[in-house]
Amino acid sequence: MNILLPDSWLREYLKTDASPKEIKEFLSLCGPSVERIDQVDTDYVYEIEITSNRVDMASVYGIAREAAAILPRFKKGANLKTLKVRQSIKPKISLPMQISDPQKICNRIMAIVLEVDPMKPSPDFIKDRIEKSGVRSLNNLVDITNYVMLEIGHPTHVFDYDRIKTHSFLIRKAQKNEPIITLDGKKYLLDPEDVIIDDGTGRVIDLPGIMGTENSVVNSSTRRILFFIESNNSLLIRKTSMRYGIRTVAATINEKHPDPELVKTALLRGIELYQKHAAAKVASQVIDIYPNKPTLPKIKVSTEFINDRLGVELKTQEIINILKSLSFDVLNSTDLLITPPSFRQFDVTIPEDIVEEVARIYGYHNLPNRLMTGEIPITDKPKDLPIEAKIKTILKYWGYTETYHYSFVSKSLIAKSGLSPKDHLRVANPLTEEIEYMRGSLVPSMLETISKNQYYKNSLKLFELAKVYIPQKGNLPLEPSRVVIAEQTDFYKLKGTVNALLKELGMPDSKLVLEKNTFFHPQQSAGVTLNGDTFAMIGKLHPSLASAFSLKDDLFIASINVENLVKLANPIKHYTPIPHYPAVIEDLTLLLQPKTQIELIKSEIYKVSQLVKNVAAHDPYQNAITLRITYQDESKNLESADIKKVRELILSTLKSRYNIILKQ
Amino acid sequence: MDKELNVLKQETLNAIGKLADNKKLNELYLDIFGQSGKFTNLTKKLKTLSASEKPQIGRLLNEVKKELETAFEKHKSIIRNFKLAEWIDVTASGSGPSTGHLHIVSQAIAEITEIFERIGFTRMRYPEIDWDWYSFESLNMPVNHPARDDFETFFIDLPSNPKLGKVVLSPHTSSGQVREMERVKKPPIRMINIAKCYRPNWDISHTPMFHQFEGLVIDKNINITHLKGTFDYFAKEFFGKERKIRLRPFHFQFTEPSFEVDITCGICSGRGCRFCKDGWLELGGSGMVHPNVLRAGNIDPDVYTGYAFGWGVERTYMMKQGLKIDDLRLLYSNDIRFLEQF
């Protein structure tokens, strides 16, 4: 939480020669971060971030106390002017007020009845200070509760004593769906975990620690008030405040467990202010219900422990001085026996907390920068990360542009892509429908992106490498990485990219098989397999998807499972001796039968003779194709007779098996 | 006369080398060997020489003639076969490979990884969809702890595990801390974990998916100076050697002490300007690993200490580049007009 704090108010409790700018800088280095200073009139207002463990600083007095410990480290004079409140309260009359907390929900409750003059606007200094602190001024009776909260750091409340006809408060848990109308006129149906105040008749008159109700609030006819402070169960406050989204300043302080000792300080300070600015007369005994006063933690820690974690050698006395400047009690024997002040009792409980206190006041800026000197860990490095980085780099340099999509997809995108939402993980609390499901494929998001970009550029070449999320029964989902490549070129360009990519990564030779997949054109797609596993698909987008996404140009897509590459890729190269005898290369132009698979023909030719080292297909034209055949013998120069023999065998095989003949 | 011959030979050879077309080469040939060519004229002088000089000069004349004629022939062939005279427009566009673009998040991850690997960190990656135990509970953040407010979380619609809790979309890379301790079992640990994270914020400066990089170092005798030294090294390597870092006290449940890390602003060099806070920019959070977190990872906090940090990849990279992307959502919009700028 952030608080606003007027400099003039701070200086009421802090005597210092430090300027606002210096206060901002030095506090930020050793204590709370002062995010900005604004000049307002002749005053300055600090905006200070209070971390959730340091609710003791969420007040004028809390910051003054902290500054008094920090500023002298920067050679600035700083003294805390202790808050003095009159301790003895003598009631003139004693009006009845019964407060009970049978379930001991609250840590402490204090209250008092005061007779007051009719409400009026607050004096200027109160109005000015609370408004600079971001609280709207209403009238003196309400403003004083806020003034005390801002100054002391504990929320306080005021009720119209006479509107609580029973003069009785019962603190209890709400019943399910019990209604309440808060001060701002909103109606809530309560939960059994909410804490409420009941006037003894079953009527709910307060949502304590969070917000009051209309039925007990002070108004222009109020003559007697109940000034009431409770240290509530911070966890329940938090839950209630979050449940209904009522984020009052009181709630944000109460949920951080402020010191119950502060309740008394706040009460006494409030009485003093009511007496001064509302002509208050004490009209009851002080009520103080404090069933379990917490005992302060004692922490044992050695100088060595602290220095080991700081990385510098501080003398024991310096450590003690620092802790004492923060109001810690220190007993120096073999180890230091440390008791935090009550306002730090929930925050400082273990030796590491003491390290933090010493280190920050000593100053992190005074510690040197060093790199670790221990051994560098030798550990199994993940194999997938370098391969993924390599794939991205390769594709980038081959002209593909990388996309990053959200891991989420909408129900409508799933449906549009021909998939079923029930195969996807669902986010229980999505912000919008667009991010309701975790994607199980990279293809749908890519199709959407192609469709969005197709009018900005022709021949798009895009890719994405990301995880997909596959539900598993009774366990966390699988998160395998996939690559999807999408381009508006042709099948063979994409196939060439995939082949070259696999080769570059060191994948063994894989096979293309016909495989049906809902994303792909039934006649123009294939699976890439190795050892019987299909680990990639290449093909033209299915025409029904092209239509669903209104794509203007043909789109070709490849999808590759990265985990197969991680398992099988072997980047180690093998050496084979360079042949001594030259190769002979010749072209055979063949006339094929329709729908002949050239891969089959090539493998047939390899089988004919050991001399055939390479067969490459070139220049397909209508039903003709040229095969460039490389013959080589590792032990001698090939004669034309040797080649003639092989060639005739090739041609006779092709003729008999496939009815393929040489083009004349 | 032998001197004159040698001069003529040298001048002619030089002249041949400079010519780039056949016509000029023929003109030069005639100028040397034509009826009143320079060489022909010298030949005519042979008669006037004494009988003792004649045989020697005659031999020289033959040699020079042969040498020059070979040079003419050779140069003629260079002009003809190797197209010495061919002209192209060198200002016309090249037709080399068209390179694509890596997304800036990939570029950032590559740079960050490289810097940390140089000082012995190993890059790891842990589940994005994880148990509450790893995301919160083991990090000293029980279910109702207010610190969990800072980590508003997406949940996955799956049944809870009785021991490990709900299934969450990890809101930070810190979920990998205890997983790394479980993997390594015995320190030393120097891990950098870079991954996607998710939080339910979606506006001009937040996207529901973003990336973090998390460092975790655990060993004997690790202290605050090591954390400072590592950040200083990273800041100087990543942002520039003149940059400095500072720590400010902060609070995180999973570290004690906890720090917010700032770096001097690159625009004003730390003097203060409208892009920074008094010369400083916030890098992110860090701290010494909380003993309860070490215990959750089965590491004895009396023997080992460590530090951890988790910073936003997008934010850190944009700070480096001084990129002023006015709407963070553009990063994941996949508009080709945006992607092609990087």
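(A) The sheet that holds strand β22 (residues 408-409) of chain A, seen in detail. Residue and element names in this part refer to chain A. Pairing is antiparallel across the open sheet formed by 3 strands, whose spatial order is β22-β24-β23. Among the strands making up the open sheet, the edge pair consists of β22 and β23 (425-426). As judged from the 2 bridges shared by β23 and strand β24 (residues 437-438), these two strands associate in the antiparallel manner. Within the sheet, the bridge partner assigned to L425 lies in β24 and is M438.

(B) Inspection of the side chain of D7 of chain A at higher detail. All names here are of chain A. Looking at the secondary structure, you find D7 in helix α1 (residues 7-13). For D7, a relative accessible area of 7% gives the class buried. At 2.6 Å, the side chain of D7 and the side chain of Y46 are in polar contact. Look past the residues within four positions of D7 in its chain and what remains in contact with it is P20, I23, D43, Y44 and Y46.

(C) Structural view of the interface of chain A and chain B. Opposite the 88 residues of chain A that make contact, chain B presents 86 residues. Roughly 7600 Å² is buried in total at the junction of chain A and chain B, and carbon and sulfur atoms are behind 59% of that figure. For the chain A face of the interface with chain B, the top three residues by lost area are M372, Y404 and Y406 of chain A, together amounting to 12%. Where chain A touches chain B, the interface holds 6 salt bridges. Summed over the shared surface of chain A and chain B, the number is 38 residue pairs in polar contact (both at pLDDT 80 or more). When grouped by side-chain class, the residues that make up the side of chain A that touches chain B number 38 nonpolar, 22 polar and 28 charged.

(D) Structural view of the sheet that holds strand β10 (residues 305-312) of chain B. Residue and element names in this part refer to chain B. Read across the sheet, 7 strands follow the order β1-β5-β6-β10-β9-β8-β7 without closing on themselves; strand pairing throughout is mixed. Bordering the open sheet on either side are β1 (122-124) and β7 (245-252), each of which pairs with just one other strand. Across the sheet, the axes of successive neighbouring strands diverge by a mean angle of 25°, strand direction being ignored. Inspection of the sheet shows strand β5 (residues 189-198) paired to strand β6 (residues 209-219) by 10 bridges, in the antiparallel sense. Pairing of C197 across the sheet is with F210, part of β6.

(E) Examining the domain arrangement of chain B more closely. Taken as a whole, chain B is organised into domain 1 (2-81) and domain 2 (104-339). Computed over C-alpha atoms only, the centres of domain 1 of chain B and domain 2 of chain B are separated by 82 Å.

(F) Expanded view of the side chain of D194 of chain A. All names here are of chain A. Turning to its location among the elements, D194 is positioned in the loop between β11 (187-189) and β12 (195-198). On the basis of relative accessible area, D194 is assigned to the buried category, the value being 0%. Within the structure, D194 has its side chain in polar contact with the backbone nitrogen of D191 (distance 2.8 Å). Here T240 takes part through its side chain, which lies 2.6 Å from a polar atom of the side chain of D194. Excluding anything up to four places from it in sequence, D194 contacts R172, K173, A174, T240, R243 and Y244.

(G) Quick peek at helix α11 (residues 351-362) of chain A. All names here are of chain A. In a regular helix each residue adds 1.5 Å, so 12 residues correspond to 16 Å; α11 covers 17 Å between its end C-alpha atoms and thus fits that length. Among the 12 residues in α11, 11 count as buried, and that is most of the element. Of the positions making up α11, those classed as buried are E352, D353, I354, V355, E356, E357, V358, A359, R360, I361 and Y362. Downstream of α11 by one or two residues, G363 has phi in the positive range, about 110°.

About the criteria used
Residues numbered from 1 in each chain as written. Chains lettered and ligands numbered in written order. Predicted model: local features only at pLDDT ≥ 70, side-chain atom pairs only at ≥ 80, totals over all residues. Heavy atoms only, no water. Pairing = 2+ DSSP bridges. Helix = DSSP H or I, 4+ residues; strand = E, 2+ residues; numbered from the N terminus. Buried < 20%, exposed > 50% of the residue type's maximum accessible area, 1.4 Å probe, protein only. Polar contact = N/O pair within 3.5 Å; in protein donor to acceptor, adjacent residues only side chain to side chain. Contact = heavy atoms within 4.5 Å. Buried area = accessible area lost by both parts, 1.4 Å probe. Salt bridge = Lys/Arg side-chain N within 4 Å of Asp/Glu carboxyl O. Nonpolar A, V, L, I, M, F, W, Y, C, P; charged D, E, K, R; others polar. Axes fitted to C-alpha atoms, helices over the stretch in contact; angles between N-to-C directions. Domains from an automatic or database assignment. Expected span 1.5 Å × (residues − 1).

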